[in-house]
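Spelled out, the chains give:
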Amino acid sequence: MGLFWRRKKDDFISLGLSAPDEAPDDLMDRARIEESTQVEQIAQWKAESAPVVAEPEVVKPVAAEPETVKPVEISVEQWAAEAAKLFEPATPTFQGSQSATAGAAKPAVEEAVVEWVETPVVEESFFSRFRKAVSATRENIASRIEDAVKGRKQIDEAALEELEEALIGADIGVQTTLEIIEDVRRQVSRQDLKDVDELKRVIKEHLLEILERAEKARGVASEAAAPENARPYVMMVVGVNGTGKTTTIGKLAQRIKTDGYDVLICAADTFRAAASDQLAIWAERAGVPLIQQKQGTDPAAVLFDSLKAASARNADVLIVDTAGRLHNKSNLMAELEKMKRVAGREIQGAPHETLLVVDAVTGQNGLSQAREFMKAANVTGLVLTKLDGTAKGGIAVAIAKELNLPIRYCGIGEKADDLVVFDPKTYVDGLFE
């Protein structure tokens, strides 16, 4: 997958002003002499403190005088009785008595050597993860396309009507659907389309063209587009409550920090109760500093303090959380305008990026939100969350078609690394393969 975030760090040229001066030759000689003296002293101390081991005395063996053994006279009956005792069974040992086998050598036991074999962990590919996330949308589109042409010798008007229903049902958008149907109808009349595979190819080409055109139209398609001297890089995140805005900020901070950048989070959502507490949990997980104030504080004031703190700490990225607001609340939308002015006054070009978080489950309602936020917040890119929990993942195409906005990131799961950079080709391939 490569790096999640690709901003270039500033290259610093060291003039060597803070480097220590080189020691003269006489100081170096003196240091070597002192070092050798210390080594000799340590060796002497070890020799003096070593324990003295006494040598064992060698005891000379004394030759014993051979004793004269007198023969013992015993009868045959006594000898047979003594021999029978040798073959009697052993008497059981009771508590307190010495075991009959005490001191006996234990039989050698062979130890089995168990060899540990590590099974290599195969990381799931990016395409397979993305394909799994859009599985519901894929089943909604692909299965209905196959049903539309199944059992037909050629693609007729009835098949085109079913195809139109399938595309609109996936929230790809009415305008986009009509363009696709018209192109398919034109190719059918020329007999260029004959089976379902060719039909899928035509649809894929249309969707990919829309998404790639949106990346080049306007907005910010990559963080590398901003000047390299833009520091801190200010990212403002906006959206409606419940879209996953706070979770996206936490994941975004963790992913950017993992790539080696210094990140700071500004908790400017002072409108919703416990918003700062929720963001503090994510900041603690990611190990990222959080700038926050009490509830009810002017969000522009919190942003001002965060900009000053980010500049003082020489942070690379500042992620700004904003109050979740409905797109029809004029006072909250005006608050965004004020925050943009404060950011631009303190940091040149800030905010460098304004991301709108859209819940994929909301479908066409997400498109309405994007239209209104475009007026007040000058949105530069989209974050599509909960893509793995809906059959209407085609909303990505509808937003890109109508607003010409690039989709920067998308959420394909609940883990921190499930926030991924949106790739148009991977997305389109995942819908049909």
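Fair warning: this is a prediction, and the values are worked out from it, not measured in the lab.

Undergrad: For this particular structure, what's the right way to read the packing of helix α4 (residues 135-149) against helix α7 (residues 196-217)?
TA: In a pair of packed helices, the angle between the axes and the distance between the axes together describe the arrangement. One can describe the packing of α4 onto α7 by two numbers: an axis separation of 10 Å at closest approach and a directional angle of 135°. In this view, α4 runs oblique relative to α7, as classed from their interaxial angle. Judged by the twist between their axes, the crossing of α4 over α7 is right-handed. Contact with α4, carried on its side by A142, I145, E146 and V149, involves V196, L199, K200 and I203 of α7 and no other residues of that element. Its residues assigned to classes, the contact of α4 with α7 shows 6 nonpolar, no polar and 2 charged.

Undergrad: Is there a simple way to explain the pattern of salt bridges in this structure?
TA: It is possible for side chains of opposite charge to pair when their charged atoms get near one another. The full count for this structure, using the stated rule, is 17 salt bridges. For D321, the salt bridge is made with K245, and the minimal N-O distance between the two is 2.8 Å. With D321 in strand β4 (residues 317-321) and K245 in helix α8 (residues 245-258), this residue pair connects regions lying 76 residues apart in the sequence. Among the charged side chains, a salt-bridge network with shared partners connects E157, E182 and R185.

Undergrad: Got a minute to help me understand the nonpolar core in this structure?
TA: Generally speaking, a soluble globular protein has its nonpolar side chains buried in company with each other. If you look at the biggest cluster of nonpolar residues, it comprises 75 residues, and the most contacted ones within it are L199, I203, L207, L384 and Y427. Within the second largest apolar cluster, 24 residues are counted, among which are V263, A286, I319 and L419.

Undergrad: Before we go on, may I ask you to explain empty space enclosed by the protein in this structure?
TA: The probe, sized like a water molecule, is rolled over the atoms to show the empty space still left. Scanning the entire structure with this criterion turns up 2 cavities of 30 Å³ or more. Estimated volume of the second largest cavity: approximately 40 Å³. As for the second largest cavity, its lining consists of L211, A214, E215, A400, L405, P406, I407, F422 and P424. Take the lining of the second largest cavity: its biggest share by element is 3 residues, from α7. Grouping the amino acids of the lining of the second largest cavity by side-chain chemistry returns 8 nonpolar, no polar and 1 charged.

Undergrad: In this structure, what is going on with the sheet that holds strand β6 (residues 381-385)? I would like to understand it.
TA: Two strands in a sheet stick together by hydrogen bonds in their backbones, pointing the same way (parallel) or opposite ways (antiparallel). Pairing in this open sheet of 8 strands is mixed, and the strands run β3-β2-β4-β1-β5-β6-β7-β8 from one edge to the other. Both outer strands of the open sheet, β3 (290-291) and β8 (419-421), are each paired with one neighbouring strand and no more. By the bridge criterion, 5 bridges tie strand β5 (residues 353-359) to β6 in an arrangement that is parallel. Across the sheet, residue V358 finds its bridge partner in β6, namely L384. Here helix α9 (residues 275-286) sits on the sheet and contacts β2 (263-267), β3 and β4; the angle it forms with β2, its principal contact strand, is near 170°.

Undergrad: Which parts of the structure should I look at to understand the packing of α8 against α9?
TA: Where α8 meets α9, the closest approach of the two axes is 9 Å, and the angle between their N-to-C directions is 20°. On the basis of their axis angle, the class for α8 and α9 is roughly parallel. The way α8 lies across α9 gives a crossing that is right-handed. In this structure, α8 uses T246, T247, I249, G250, K251, Q254 and K257 to contact α9, whose residues at the interface are Q278, L279, W282 and A286. Here the residues of the contact of α8 with α9 sort into 4 nonpolar, 5 polar and 2 charged.

Undergrad: Is there a simple way to explain the layout of surface pockets in this structure?
TA: Here the largest pocket is characterised by a volume of approximately 210 Å³. Along the walls of the largest pocket sit 13 residues, with T247, K251, T385, K386 and G413 positioned nearest its centre. At 3 residues, α8 tops the list of elements feeding residues into the lining of the largest pocket. Residues of the lining of the largest pocket, tallied by class, amount to 2 nonpolar, 7 polar and 4 charged.

Undergrad: Please explain the side chain of K200 as it appears in this structure.
TA: Checked against the element boundaries, K200 lands in helix α7. Overall, K200 belongs to the buried group, its relative accessible area being 12%.

Undergrad: What exactly am I supposed to notice about the environment of T176 here?
TA: Position of T176 relative to the elements: it lies in helix α6 (residues 174-189). Residues T176 and A398, 222 residues apart in the sequence, show an inter-C-alpha distance of 7.2 Å. With sequence-adjacent residues up to four places away left out, T176 is seen in contact with L207, I210, V397 and K401.

Undergrad: What exactly am I supposed to notice about the packing of aromatic side chains here?
TA: Geometrically, a pair of aromatic rings is defined through the distance of the ring centres and the angle of the planes. One pass over the full model with this rule turns up 1 aromatic pair. Plain terms: the ring middles of F422 and Y427 are 5.2 Å apart, the flat faces sit at 50° to each other, and that makes the pair tilted. Look at F422 and you get buried, because its relative accessible area is 5%.

Undergrad: Honestly, the environment of P289 in this entry has me stumped. Any pointers?
TA: Tracing the backbone shows P289 in the loop between α9 and β3. Residue classification places P289 among the partly exposed residues on the basis of a relative accessible area of 31%. When the C-alpha positions of P289 and A310 are compared, they lie 9.9 Å apart, and in sequence the two are 21 residues distant. Discounting chain neighbours no more than four positions away, the residues touching P289 are V263, L264, I265 and R313.

Conventions adopted
- Residues numbered from 1 in each chain as written.
- Predicted model: local features only at pLDDT ≥ 70, side-chain atom pairs only at ≥ 80, totals over all residues.
- Heavy atoms only, no water.
- Axes fitted to C-alpha atoms, helices over the stretch in contact; angles between N-to-C directions.
- Helix = DSSP H or I, 4+ residues; strand = E, 2+ residues; numbered from the N terminus.
- Parallel < 35°, antiparallel > 145°, perpendicular 65-115°, else oblique.
- Left-handed = near helix turned anticlockwise from the far one by under 90°.
- Contact = heavy atoms within 4.5 Å.
- Nonpolar A, V, L, I, M, F, W, Y, C, P; charged D, E, K, R; others polar.
- Salt bridge = Lys/Arg side-chain N within 4 Å of Asp/Glu carboxyl O.
- Core = buried A, V, L, I, M, F, W, Y, C linked by side-chain atoms within 4.5 Å.
- Buried < 20%, exposed > 50% of the residue type's maximum accessible area, 1.4 Å probe, protein only.
- 1 Å grid on protein atoms, 1.4 Å probe; cavity = no way out; pocket = protein on both sides within 12 Å on 5 of 7 lines; lining within 4 Å.
- Points joined across faces, edges and corners; volume = space filled by probe spheres on them.
- Pairing = 2+ DSSP bridges.
- Phe/Tyr/Trp six-rings, centres within 6.5 Å; stacked < 30°, edge-to-face > 60°.

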